[in-house]
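# A structural walkthrough
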Amino acid sequence: MNEVLRCIECQQEYSIDRIRYSCDCGGLLAVERPLEKLKELQTSLFDQRCLSQKDVDVSGVWRFREGILSIPESEIVTHPEGNTRLYRRKALAHWSGIDDIAFKHEGENPTGSFKDRGMTLAVTQAKRLGANVVACASTGNTSAALAAYAAQAGLKSVVFLPDGKVAMGKLAQALGYGAQCLAITGSFDVAMAMVKDLAERGDVYLVNSLNPFRLEGQKSIIWEILQNLSWQAPDWIVVPGGNLGNTSAFGKALREAYDAGWISKLPRIASIQAEGANPFYKSYQQGLRSLDAMEPETVATAIRIGNPVNFHKAKRVIKDLNGVVEQVTDQEIIAAKLVIDRQGIGCEPASACSLAGAKKLRDQGIIKAHESVVGILTGHMLKDTDAVLQHSGRELEPIRANLEEISKKILN
Ligand SMILES: Cc1ncc(COP(=O)(O)O)c(C=O)c1O
């Protein structure tokens, strides 16, 4: 194995062959490998693999495997995932005021969100380390991804959900794929603290984004975008921020791609929070020195998170990439979602933070008119059908089955 776990605070290293979620000093761990190994890799290798039909090449995660996790191919648990589309639409450019804007739709993953990219890694690693029970706290999407990948790997999965706060599409997936689903009284953060304690006791293998292997998988979102753009980096990457796993993973992916020589410029990153769940935004306003946890509330249930576990990684990324943290209101989220939905693309509310945030940064002149932007749509529209039914501006119209009457109604 080329990889080690390294503490982001004190640089202490640990083997990846043992289960560990944090350093003895309390710092977060990252999966690291020698830079020389990445520099040896040519982007043409990744491009050639797009022509292969092997699952590990078809996967938009494992196509980059030498930079993700060196493991025998036979041990990889892959659906396969990734290979999501990059959408450009005149209406999105017009609404945001940014001519060169594209959206990577991570809702096109097998379980309908970006979580599959991290979960293929976390469950592969769980199996490799002999875990029997895999668990997560979740606002919904992580539970769906975990349940699906655990089912594939033949592992028992347990998910901890904030009671009454999970969109039905996501709960249905977790139940359908066969996870044990526990509704916890309290927010996501309460559920997160509980599953962390269980993991420390050794009862379960934790696959939240605190698990550094999750973030290695999510790096591939960025590498696939760069590949989609023929390895020409955009000026900006705009991403919703909740537990800040993507913000952290994206920064790592960009830094590695740049240091390895795959791209010749480093994009800036914008992490967009919902105003009602904005601890990272508030911290950014005060120089990213510390984070005050809060009681979150937003229509974007996926990012209803008040104490993001990846704060210390994400703050480093914002500093390293000259990034920004912005907030958007629920109204701005719903307005942006409507634009995306009406393009026939669709996304769940949290995802719309990317478009709402890009527009806000453009309006403020932070994103310049000539700059290129890639936003991430993190989850599928059908994940949260309540949000669609409430905010689409359309409703089911009752009508008698009478040809003349129907004809009059549609032509009016
Ligand atoms: C659809 C969606 N968007 C965004 C997020 C937030 O991602 P992160 O925790 O990486 O900030 C989540 C996390 O649950 C999600 O499900």
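Residues numbered from 1 in each chain as written. Predicted model: local features only at pLDDT ≥ 70, side-chain atom pairs only at ≥ 80, totals over all residues. Heavy atoms only, no water.

### A short note on the site of the ligand
- Neighbouring the ligand are 16 residues; Lys115, Asn141, Gly242, Asn246 and Thr378 lie closest to it.
- In this structure, an oxygen atom belonging to the ligand sits 2.8 Å away from a side-chain N or O atom of Lys115.
- Within the backbone of Asn246, an N or O atom sits 2.8 Å from an oxygen atom of the ligand.
- Relative to its unbound accessible surface of 390 Å², the ligand loses 98% to contact with the protein. (Near = heavy atom within 4 Å. Polar contact = N/O pair within 3.5 Å; in protein donor to acceptor, adjacent residues only side chain to side chain. Areas by Shrake-Rupley, 256 points an atom, 1.4 Å probe, with all protein chains shown as cover.)

### Section: the pairing of strand 8 (residues 180–184)
- Relative to strand 8, strand 7 (residues 156–162) is paired through five bridges, and the arrangement is parallel. Paired with Val159 across the two strands is Cys181, which belongs to strand 8.
- In terms of handedness, the path from strand 7 via helix 7 (residues 168–177) over to strand 8 forms a crossover that is right-handed. (Pairing = 2+ DSSP bridges. Helix = DSSP H or I, 4+ residues; strand = E, 2+ residues; numbered from the N terminus. Right-handed = clockwise from strand over helix to strand, strands pointing away.)

### Concerning the UniProt feature "binding site: pyridoxal 5'-phosphate" (unreviewed entry) in the protein
- If you check UniProt for "binding site: pyridoxal 5'-phosphate" (unreviewed entry), the listed places come out as Asn141, Gly242, Asn243, Leu244, Gly245, Asn246 and Thr378 in our numbering. A maximum C-alpha distance of 14.5 Å is found for the annotated residues, which run over 238 residues; spatially they form one tight group.
- Looking at the secondary structure, you find Gly242 in the loop between strand 10 (236–240) and helix 10 (245–259).
- Residue classification places Gly242 among the buried positions, given a relative accessible area of 7%.
- When near neighbours in sequence (up to four residues on either side) are disregarded, Gly242 contacts Gln273, Ile303, Ile305 and Pro308.
- Considering the arrangement of structural elements, one finds Leu244 in the loop between strand 10 and helix 10.
- Ignoring sequence-local partners within four residues, the contact set of Leu244 consists of Ser271, Gln273, Phe280, Pro308, Asn310, Phe311 and Ala314. (UniProt positions renumbered as here; feature names shortened; annotations may be inferred. Buried < 20%, exposed > 50% of the residue type's maximum accessible area, 1.4 Å probe, protein only. Contact = heavy atoms within 4.5 Å.)

### A look at the pattern of salt bridges
- All chains considered together, the criterion is met by 33 salt bridges.
- Residue Asp17 pairs with Arg128 through a salt bridge whose shortest N-O separation is 2.9 Å. Of this pair, Asp17 sits in the loop between strand 2 (13–14) and strand 3 (29–32) while Arg128 sits in helix 5 (residues 115–128), and the two are 111 residues apart along the sequence.
- We classify Asp17 as partly exposed; its relative accessible area is 45%.
- A relative accessible area of 23% places Arg128 in the partly exposed class.
- Of the charged contacts, one joins Asp57 and Arg49 as a salt bridge, the two residues approaching to 3.8 Å between their closest N and O atoms. Arg49 matches Asp57 in its accessibility class, with the two residues each being buried. (Salt bridge = Lys/Arg side-chain N within 4 Å of Asp/Glu carboxyl O.)

### Section: a nonpolar patch on the surface
- On the surface, Ile399, Ile406, Ile410 and Leu411 cluster together into a nonpolar patch covering about 410 Å² of accessible area.
- Of note, Ile399 is situated in the loop between helix 15 (385–391) and helix 16 (403–411).
- Judged by its relative accessible area of 38%, Ile399 is partly exposed. (Patch = residues over 30% accessible without salt bridge, like charges linked within 9 Å, V, L, I, M, F, W, Y side chains within 5 Å.)

### Digging into the sheet that holds strand 4 (residues 86–87)
- In space, the six strands of this open sheet follow the order 4-5-13-10-11-12, with mixed pairing throughout. Two strands in the sheet have a free side with no partner beyond their single neighbour: strand 4 and strand 12 (324–328).
- Most of the contacts of helix 9 (residues 212–228) go to strand 5 (residues 101–105), to which it runs at about 130°, and overall it touches strand 4, strand 5, strand 10 and strand 13 (373–377).
- Its contacts with the sheet put helix 10 on strand 10, strand 11 (268–274) and strand 13, and the angle it makes with strand 10 is roughly 155°. (Axes fitted to C-alpha atoms, helices over the stretch in contact; angles between N-to-C directions.)

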